[in-house]
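What the coordinates show
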Amino acid sequence: MKMLKQKLVTILKKTLLLLFMFSFLSINSFSQVKSVTVSGSLKDKTSQIALPFVNVVLKTVKDSAFVTGTVSNEEGRFSIANIKPNNYFLEFSFIGYLTKQQPVYVGDLTEFLDLSTIELQESIKTLNEVVVTAKQDEVSNKMDKKTFSVDDNISQSGGSVLQTMSNLPGVTVQDGKVQLRGNDKIIVLIDGKQTALTGFGNQSGLDNIPSSAIDKIEIINNPSSKYDANGNGGIINIIMKKNKNEGFNGKIGFTSGVGSLWERKQNLPSIRPQYSFTPKINPSLSLNYRKNKINAFLQADNLYTQTLNKNEFVSRIYDGGEVINQQLKRNRNTNFFTSKVGIDYLINENNTFTVSTMFGSEKIIDRGDQPFFNADFSQRQRLWQFLEDEIKTTVMATAVYQHQFKEAGHNYKLGLNYTFHREDEQYFYDNFLPTTTGTDAFKLLSDEQVYDFSFDYTKPLKYGKIETGVKLRNRNIPTNMLFKPGVNSVIDFDAGGAATYKELIPAVYGNYIFESPKWDVELGLRVEYVRIQYNVNPDHNTYKSDSYQYTQPFPNARLGYKLSDRNKLSLFYNRRVDRPNEVDIRIFPKYDDAEIIKVGNPALRPQFTNSIELGNKTSWSSGYLYSAAYHRFVQGTITRISSIAPNSNLIYDIFQNAGKSFNTGLEMILSQEISKLYEFDININTYRNQINAFSVLNLYPTPNTFSAKQQSIISGNFKINQTLNFANNLNAQVSAIYLAPDIIPQGKIGGRFSLDFGIKKGIQNGKGELFLNATDVLNTMIIDRNIIGNGFRYNSTDYKETQVFRLGYNYKF
């Protein structure tokens, strides 16, 4: 198996080299603009009086073929929608005026073009009546993002958002976090906004959000200045379901499942059984009512799961010869309820007001066992058992006012967003030693409040558009950790107490897009002022209060060249930042692992990233081939560093800025419809990760210095999705994923493989749907790690639950 993986990696490298050479020959883009609207106003050249009821005809430059037409309204304004990208000219005619022609290029980078004022000269000529027709345009493309429908992901229906993302092109999942091209420093949005459900800094909670609540997922590798500068790996935007059909309509669904069908590795002696045949239950409801000026919507989901959340076997070897073998097994019960309700109110044809609220409640019960044995497993040295009882509550309220000017696509938006997130967590520990037994506990309470204000303005131009806006964020997180040491306590109760995180970020941005028949340019700049203050309990035994602030520019640029109607070449540049999140700098040690203890670092600073990318795509009637070459350079790389304190065998995992790192790679996506019966998508991503040599000072629990040599590796992943479209609304999908070995801080992670499948059947005249699917059918997604530190090394293998079978039903009404 090992030789097969090595051969596969070699083949992938050679294949990607050829694709890279080919990539300079063709391109098209991903982001889809379904229609382009051209607008303008007509006036008398002499009197400057608006001209109503002027005939406006759109024709192609190539052969003067009629495409569509309209007439100007009483104010002299006209608007033509659903125009396919091409070279055209507009012909304006009106009784008593000279016919005028004006060239117009319709590209695929913006949905709206405004030709401003067009003046007509008086004449006695007339024009016969024009018959107005409409023609639906084809899907045009833009290369800033990729969009995927959750309903098309048959093999992951009924699971979590994290599981849904796992087989999307360019996405991998590691330690419960999403990575884009091997990078987990990404921002996850819900409906274009950061929320506490998915994390304001680092991503979180994705494994508990049901995919039944999601409509689409957007992957944005090269964000414009309109987006926050955070997230050097890119942005993932989760778009919730929201129906706008007239009248009352909705969708109900129910999914049940079971995981961990068989035991992959037997427990070490003397601990409680690991979970198997774990149940999953997910009912969902979507309602929508639209009539006249009101559109009301509701989305509600509940996901209950039992999961073997952790089953890690570790062997620690110290330079002095001591060997400790351990297992960390965590059985988890989770119930996550989420709902979103709101109203769109059309004040008039130019003004819209939307209010919505989202509520999430997550209940987690963890029962953990961690035995420690000597080198030959002949003696148990310690047993650590714990119970975690945690409730997370999230409330988000949003209000958006939009004003639409008379010109199509010319608008501004005012947005207010408030988020409250409570983390109420309790741990209870039992520490069994050969001669004594100890008991400990702690309680953590954190109340996060975030206020966001935004103003966004968009103005279509004759050959593109401009976007500008401002944003202000005020974020406050008071946290209190109360340690309750019991008999024979082993926890560091002097490291508890209160701490408060405060964040203020005003920002301003501008973005300009220009598009011509061959070239297009996008230039953007975002300027952010950031002030972070972290106030620490003055009695803390190690850490003190800390703060930082900066004002930084974050430019973005894109240069595109169209080789043909189906081929385009684009070059991107981005500068972005990753600020440490509040949990990264928390001063409290976390004891869910008794001897590999995670601790934050208040002295952590942001990492800044510069990235460039060259991408292209060639498309044909039944598919496309996309390829991209990219490079990222990171200063102040944020990572966890494992070290041991003097005269101790406890390992402390502490966030640090490790210096410079690099990520260079190639990505390819091939999508092909072989026939109406069979189609496939192949995604290959290979990259080289490098972390330069660095040295850091860990303060907790006592000062110690860690130094590391330069690390580098060539890694990547391979994915294939195959879809069969049978008669009678029956579809099947088989997905395979291979993740090559990769470097992680101080070590490496081994290769992994997974096979998924799904079947979907439309019933009840297309209103109903039955599906059956399975994730990691063969139960092969096992995670191996090798870590090397000063004075120790350890090897770990995690057999946590990855295998899940689901059966579900959806009905639309």
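To start, this report covers the structure provided alongside it. (Residues numbered from 1 in each chain as written. Predicted model: local features only at pLDDT ≥ 70, side-chain atom pairs only at ≥ 80, totals over all residues. Heavy atoms only, no water.)

**A word on the overall build of the protein chain**
This is how the line gets drawn: Comment: elements are numbered from the N terminus, with helices defined as DSSP H or I runs of at least four residues and strands as E runs of at least two. Exposure categories follow from relative accessible area, calculated using a 1.4 Å probe and restricted to protein chains: below 20% of the type maximum is buried, above 50% is exposed, and the middle band is partly exposed. When checking whether two residues touch, look at their non-hydrogen atoms; a contact exists if any pair is within 4.5 Å. Accessible surface area values rest on a Shrake-Rupley calculation with a 1.4 Å probe, where residue burial reflects the displayed protein chains alone.
The number of helices and strands found in the protein chain is two helices and 46 strands. The 813 residues of the protein chain split such that 56% are buried. In the protein chain, 70% of the contacts between residues at least 6 apart in sequence involve partners at least 24 apart. As presented, the protein chain carries roughly 33,900 Å² of accessible surface, and 57% of it is formed by carbon and sulfur atoms.

**Topic: the sheet that holds strand E29 (residues 596–599)**
Note the threshold: The criterion for strand pairing is that DSSP finds at least two bridges linking the strands in question. Interaxial angles span 0 to 180 degrees and are taken between N-to-C directions of axes, which are lines fitted to C-alpha atoms, for helices over the stretch in contact.
The three strands are arranged E29-E33-E32 in an open sheet whose pairing can be described as mixed. Both edges of this open sheet fall to E29 and strand E32 (638–644), since each of them pairs with a single strand only. Across the sheet, the mean angle from the axis of one strand to that of its neighbour is 35°, orientation sign disregarded. Taken together, the seven bridges between E32 and strand E33 (residues 651–657) define a ladder with antiparallel strand orientation. Of the residues in E33, the one forming a bridge with Ile644 is Ile651.

**Re the packing of aromatic side chains**
Quick note on the threshold: For this analysis, a ring pair means two rings from Phe, Tyr or Trp (six-membered ring only for Trp) whose centres lie within 6.5 Å, classed as stacked if their planes differ by under 30 degrees, edge-to-face if by over 60, and tilted for the remaining angles. Charge-over-ring placement is defined geometrically: NZ (Lys) or CZ (Arg) within 6 Å of the ring centre, and within 35 degrees of the ring normal.
On inspection of all chains with the given rule, the structure shows 32 aromatic pairs. When the centroid spacing of 6.4 Å and the interplanar angle of 75° are considered together, the rings of Tyr429 and Tyr591 count as edge-to-face. Of this pair, Tyr429 sits in strand E22 (residues 411–432) while Tyr591 sits in the loop between strand E28 (567–578) and E29, placing them 162 residues apart in sequence. An aromatic cluster is built from Trp384, Phe386, Tyr427, Tyr429, Phe442, Phe483 and Tyr591, whose rings are joined through pairwise contacts. For Lys265, the ring lying beneath its charged end belongs to Phe313, and the centroid distance is 5.0 Å. Taking the ring centre of Tyr624 as reference, the NZ or CZ of Lys617 above it sits at 3.8 Å.

**Let's talk about the environment of Lys568**
What counts here: By the criterion applied in these results, polar contacts are pairs of N or O atoms within 3.5 Å in which, for protein atoms, one can donate a hydrogen and the other can accept it, and in which residues neighboring in sequence qualify only through two side-chain atoms.
Along the chain, Lys568 turns up in strand E28. Given a relative accessible area of 2%, Lys568 falls into the buried group. As a C-alpha pair, Lys568 and Ser619 span 51 residues in sequence and 10.0 Å in three-dimensional space. At 2.9 Å, the side chain of Lys568 and the side chain of Asp520 are in polar contact.

**A few points about a nonpolar patch on the surface**
Short version of the rule: To count toward a patch, a residue needs a relative accessible area over 30% and no salt bridge; like charges are then connected within 9 Å, while nonpolar side chains (Val, Leu, Ile, Met, Phe, Trp, Tyr) are connected within 5 Å. A pairing counts as a salt bridge when a side-chain nitrogen of Lys or Arg comes within 4 Å of a carboxyl oxygen of Asp or Glu.
On the surface, Ile294, Ile343, Tyr345, Ile347, Phe353 and Val355 cluster together to form a nonpolar patch covering roughly 430 Å² of accessible area. Residue assignment for the nonpolar patch shows that the elements contributing at least two residues are strand E19 (323–348) and strand E20 (351–373). In terms of residue count, the dominant contributor to the nonpolar patch is E19 (three residues). By relative accessible area, which is 31% here, Ile294 ends up partly exposed.

**Let's talk about unusual backbone geometry**
Omega for the peptide link from Tyr700 to Pro701 comes to -5°, which places this bond in the cis form. Tracing the backbone through its elements, the reader meets Pro701 in the loop between strand E36 (694–698) and strand E37 (704–708). Residues other than glycine seldom take positive phi values, yet Asn765 does so here, at roughly 60°. Tracing the backbone through its elements, the reader meets Asn765 in the loop between strand E42 (752–763) and strand E43 (768–775). Residue classification places Asn765 among the exposed residues on the basis of a relative accessible area of 85%. In the Ramachandran plot, Asn779 falls in the positive-phi region, its phi being about 60° despite a non-glycine side chain. Within the secondary structure layout, Asn779 lies in the loop between E43 and strand E44 (783–789). According to the relative accessible area criterion, Asn779 is buried, its value standing at 7%.

**Digging into the side chain of Asp440**
Formally: In this charge count, Lys and Arg are treated as positive and Asp and Glu as negative; neither His nor the chain ends contribute.
Note that Asp440 resides in strand E23 (residues 437–461). This buried residue, Asp440, is left without a salt bridge; Arg382 holds the nearest opposite charge, at 7.1 Å. In terms of polar contacts, Asp440 uses its side chain to reach the side chain of Ser489, at 2.6 Å. Those residues in contact with Asp440, other than ones at most four positions away along the chain, are Tyr427, Phe428, Tyr429, Lys484, Pro485, Gly486, Ser489, Val490 and Ile491.

**Describing the nonpolar core**
Formally: Nonpolar cores were defined as sets of buried Ala, Val, Leu, Ile, Met, Phe, Trp, Tyr and Cys residues, with membership established by side-chain atoms within 4.5 Å.
Tyr591 and Tyr700 are the most contacted members of the largest nonpolar core, which has 53 residues in total. When residues no more than four places from it in sequence are discounted, the contact partners of Tyr591 are Trp384, Tyr429, Phe483, Ile491, Asp492, Ile597 and Tyr700. Grouped together as the second largest cluster of nonpolar side chains are 23 residues, Leu162, Leu180, Ile214 and Ile238 included.

**Things to note about the sheet that holds strand E3 (residues 55–60)**
Strand order in the open sheet formed by four strands is E4-E3-E6-E7, with antiparallel pairing between adjacent strands. The sheet is open, and its two edges are formed by strand E4 (66–71) and strand E7 (97–106), each paired on a single side. The sheet shows a mean angle of 20° between the axes of neighbouring strands, direction not considered. Relative to E7, strand E6 (residues 86–94) runs antiparallel, the two sharing eight bridges. Looking at E7, one finds that Leu90 is bridged to Gln102.

**Comments concerning the environment of Asp452**
Position of Asp452 among the secondary structure elements: in strand E23. Classification of Asp452 by relative accessible area gives buried; the value is 10%. Sequence separation between Asp452 and Leu416 is 36 residues, and the spatial gap between their C-alpha atoms is 5.8 Å.

**A few points about the environment of Leu109**
With respect to the helices, strands and loops of the structure, Leu109 is situated in the loop between E7 and strand E8 (112–120). Separated by 405 residues in sequence, Leu109 and Phe514 have C-alpha atoms that sit 8.6 Å apart.

**What to know about the pattern of salt bridges**
Counted under the stated rule, the structure contains 35 salt bridges. For the salt bridge of Glu390 with Lys392, the shortest nitrogen-to-oxygen distance reads 3.9 Å. On the basis of relative accessible area, Glu390 is assigned to the buried category, the value being 5%. For Lys392, a relative accessible area of 24% corresponds to the partly exposed category. A salt bridge links Asp424 to Lys443, with the nearest nitrogen and oxygen atoms 2.7 Å apart.

**A look at the pairing of E23**
Note on strand geometry: in a regular strand, side chains alternate between the two faces of the sheet. As paired elements, E22 and E23 share 22 bridges and run antiparallel to each other. By the bridge assignment for E23, Leu414 is matched with Phe455. Between E22 and E23, which pair antiparallel in sequence order, lie four residues. With 20 bridges joining them, E23 and strand E24 (residues 464–485) adopt antiparallel strand pairing. When the sheet's bridge partners are listed, Ser454 is paired in E24 with Lys471. Counting the residues between successive antiparallel strands, the hairpin from E23 to E24 contains two residues.

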